[in-house]
Each structure stands twice: as C-alpha cells, then as structure tokens.
Amino acid sequence: HSRDPERKNPTEHEYFHPNPLLRFYYRHRFALDTLLLGGTGLIFTNIIDGFRFGHRTKSIRRALYFDLTAIVTTHTLITLALIPHGLVGQFYLLFFIWERITGGILQFRAHIEHDSLEPSGQNYYEIQMSASRNIMTSEIVSRYFNRLTFHSMHHAFPKIPFYNLAEAHRRIKELTRSHLPEQPGYLAATLYALKHKNYYIIREDDKIESVEWLDSA
C-alpha cells in the first residue's frame with residue numbers, strides 16, 4: 001500500500017518527517033493540495049511518480065516522456081501563435097484561472113476517494129476495494145469524472161473501461177455481498193471526513209496504524 005501511486009495516507013516516515021516543511025505538508029495534505037497546489041501539484045506529482053516507478057515497466061516511461069513532450073510542444077505552439085496578436089498574457093491568465101478551478105476539484109476528488117481508509121483483505125482485489133471510496137453521486141457528476149466515482153472498481157480492475165465501472169460495481173456487490181466503502185455524494189463524504197478525525201499512517205512494514213489527527217498534528 002505504501003507504494004500505491006494514488007496513496008494519500010502518509011507513511012510513518014512522512015508523518016514524522018525530519019524536515020518541518022515536508023512534515024507540515026504530509027499532515028495537512030488535503031487542504032494544501034486542494035487549495036494551494038491544485039493542477040500544478042498534480043502535474044509535478046505525476047512527473048515525480050513517473051520517474052519513481054519508471055524502472056518497473058517501459059509503458060510508464062513511455063507515458064511520462066510522451067506527456068512531457070506533449071505539454072512542452074503544445075504550450076510552445078500556442079505561445080508562438082499568440083505572440084503576433086499580443087494575447088499571450090491573456091491566455092495564460094485564463095489558463096491560470098482554469099488550472100486553479102479544475103486542479104482544485106481534481107485534488108479534492110482524489111483525496112475524498114482515498115483519505116482515511118484502512119486497507120484490509122486477504123488478496124489484492126479485497127485490499128484495493130477497501131483502500132478506495134465509491135461516491136454515489138448524480139449521473140451528471142459521475143459522467144463528468146468518467147465514472148471514476150466507482151473508484152474501488154477502478155483500483156481493483158484497472159482494465160475495465162470507464163463506461164462499464166457502474167455495472168462492475170453492481171455485479172461485485174451482488175457477487176460478494178460485501179460492504180464497499182461508499183458515501184452518498186461528495187458533500188456527505190466531506191462531512192464524514194471532517195467528523196471522523198482518525199487518520200491512518202502506514203508503518204514501514206506496510207501495516208496500518210490509527211492515530212488521532214488532532215493529537216498528533
């Protein structure tokens with residue numbers, strides 16, 4: 001679980017990090033990611049994770065290099081096209097506003113779907129389904145997020161296409177008759193997270209340890 005690239009719960013080393021700035025970040029990651037780092041933070045996190053896990057498979061390295069090349073090329077072409085019209089400043093102001101809004105929403109969604117969950121189970125699938133939260137939201141919101149609101153299905157069965165995640169979620173619940181982490185909407189999930197103050201840190205042996213957030217912050 002500590003090697004999960006979508007992990008939000010801190011490891012024991014991160015939670016008690018000797019660097020006070022990093023320690024502050026890991027202990028207040030939800031607020032900092034959502035309100036401050038936003039989309040830019042997501043991009044840099046993906047780049048860091050790409051280099052971190054790139055040695056495991058060529059597909060990760062290819063995706064990383066492709067994304068970096070595409071980002072640089074796209075922004076270079078847009079900038080060159082706008083320079084003659086004197087619109088570079090306006091474009092990047094609009095881009096900054098859009099990045100703040102969409103980046104904050106995506107960071108919020110990522111935390112709500114992973115924060116403060118205690119992974120458990122006897123196999124890979126049970127652990128993945130218990131380590132991510134499903135949000136039973138409206139059809140519009142679910143489609144906006146490409147059905148990733150059925151997040152435990154996305155984690156346990158990453159090859160299922162997004163348009164089949166809802167059906168996979170229904171079938172798994174019928175098949176296993178097990179409880180999957182769920183909340184009836186993002187507002188309810190947020191209120192639940194604020195009400196339940198327990199936070200989980202991951203020890204170096206990958207076991208989960210519950211700590212009281214306010215007492216340890």
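Look up: the structure comes first, before these words.
Definitions and limits used
- Every chain begins its residue count from 1, and numbering advances along the sequence as written.
- This being a predicted model, a pLDDT of at least 70 is required before a residue's local features are given, and a value of 80 or more before pairs of side-chain atoms are given or counted; all residues contribute to the totals for chains, interfaces and linings.
- The side-chain numbers reported here are obtained from all heavy atoms of the structure, hydrogens and water having been left aside.
- Each helix is a run of H or I in the DSSP string that is no shorter than four residues. Each strand is a run of E no shorter than two, and both are numbered from the N terminus.
- Between buried and exposed lies partly exposed: a residue is buried under 20% and exposed over 50% of the maximum accessible area for its type, with that area taken using a 1.4 Å probe on protein chains only.
- For accessible areas, the Shrake-Rupley method is used with a probe of radius 1.4 Å. Any residue's cover is judged against the shown protein chains and nothing else.
- Helix span, expected: 1.5 Å multiplied by one less than the number of residues in the helix.
- Bend is computed residue by residue as the angle between axes fitted to the seven residues ending at the residue and the seven residues starting at it.
- Contacts are assigned to residue pairs that have any heavy atoms within 4.5 Å of one another.
- Any N or O atom pair separated by 3.5 Å or less is treated as a polar contact, with the protein-specific requirement of one donor-capable and one acceptor-capable atom, and with residues adjacent in sequence counted only for side-chain atom pairs.
- Lines fitted to the C-alpha atoms define the axes, with helices restricted to the stretch that makes contact. Angles between their N-to-C directions range from 0 to 180 degrees.
- Left-handed describes a crossing whose near helix is turned anticlockwise from the far helix through less than a right angle; right-handed describes the clockwise counterpart.
- Classification used: nonpolar for Ala, Val, Leu, Ile, Met, Phe, Trp, Tyr, Cys and Pro, charged for Asp, Glu, Lys and Arg, polar for all others including Gly.
- Buried Ala, Val, Leu, Ile, Met, Phe, Trp, Tyr and Cys residues form a nonpolar core when they are joined through side-chain atoms within 4.5 Å.

A few words on the overall build of the chain. Across its full length, the chain carries 11 helices and four strands. For the chain, with 217 residues in total, the buried portion stands at 35%. On the chain, roughly 13,600 Å² of surface is accessible, and the fraction owed to carbon and sulfur atoms is 64%.

An α-helical segment advances 3.6 residues per turn. Residues three or four places apart therefore align on the same side. Taking 1.5 Å per residue, 25 residues should reach 36 Å; helix α3 (residues 29–53) reaches only 22 Å between its end C-alpha atoms and comes up short. Taking the largest bend as the criterion, α3 deviates by roughly 110 degrees, centred on Leu37. Those residues of α3 not exposed but buried are Arg29, Leu32, Asp33, Thr34, Gly38, Gly39, Gly41, Asp49, Gly50 and Phe53. Tucked inside the fold, the buried residues of α3 contact α2 (20–27), α4 (58–82) and α5 (88–112).

Turning our attention to α2. Where α2 is concerned, the buried positions are Tyr25, Tyr26 and Arg27. The opening residue of α2, the one whose side-chain oxygen lies 2.9 Å from the backbone nitrogen of Leu21, is Asn19.

In this section: the packing of α3 against α4. In contact at an axis separation of 9 Å, α3 and α4 are set at 150 degrees when each is read in the N-to-C sense. Handedness of the crossing formed by α3 with α4: left-handed. For the pair formed by α3 and α4, the contact residues are Ile47, Gly50, Phe51 and Phe53 on the first element and Ile60, Leu64, Tyr65 and Leu68 on the second. Across the contact of α3 with α4, the residue classes tally to seven nonpolar, one polar and no charged.

In this section: the nonpolar core. Residues Met129, Leu148, Phe150, Met153, Ala156, Leu165, Ala168, Ile172 and Leu180 constitute the largest nonpolar core, which totals nine residues. Mapped onto this core, the elements with two or more residues apiece are α8 (151–156) and α9 (165–176). Here this core gets three residues from one element, more than from any other, and that element is α9. Excluding its chain neighbours within four sequence positions, the residues that come into contact with Phe150 are Asn134, Met136, Ser142, Leu165, Ala166 and His169. Ranked by size, the runner-up nonpolar core spans five residues in total, among them Ile112, Phe145, Tyr186 and Ala189.

Trans peptide bonds make up most of the peptide bonds, and negative phi angles are found at most residues other than glycine. With a phi close to 55 degrees, Asn146 is a non-glycine residue in the positive phi region. Within the element layout of this structure, Asn146 appears in the loop between α7 (139–144) and α8. When its relative accessible area of 41% is taken as the criterion, Asn146 is described as partly exposed. One non-glycine residue with positive phi stands out, namely Arg147, at about 65 degrees. Mapped onto the secondary structure, Arg147 falls in the loop between α7 and α8.

Everything listed is a geometric property; what it means functionally is a separate question.
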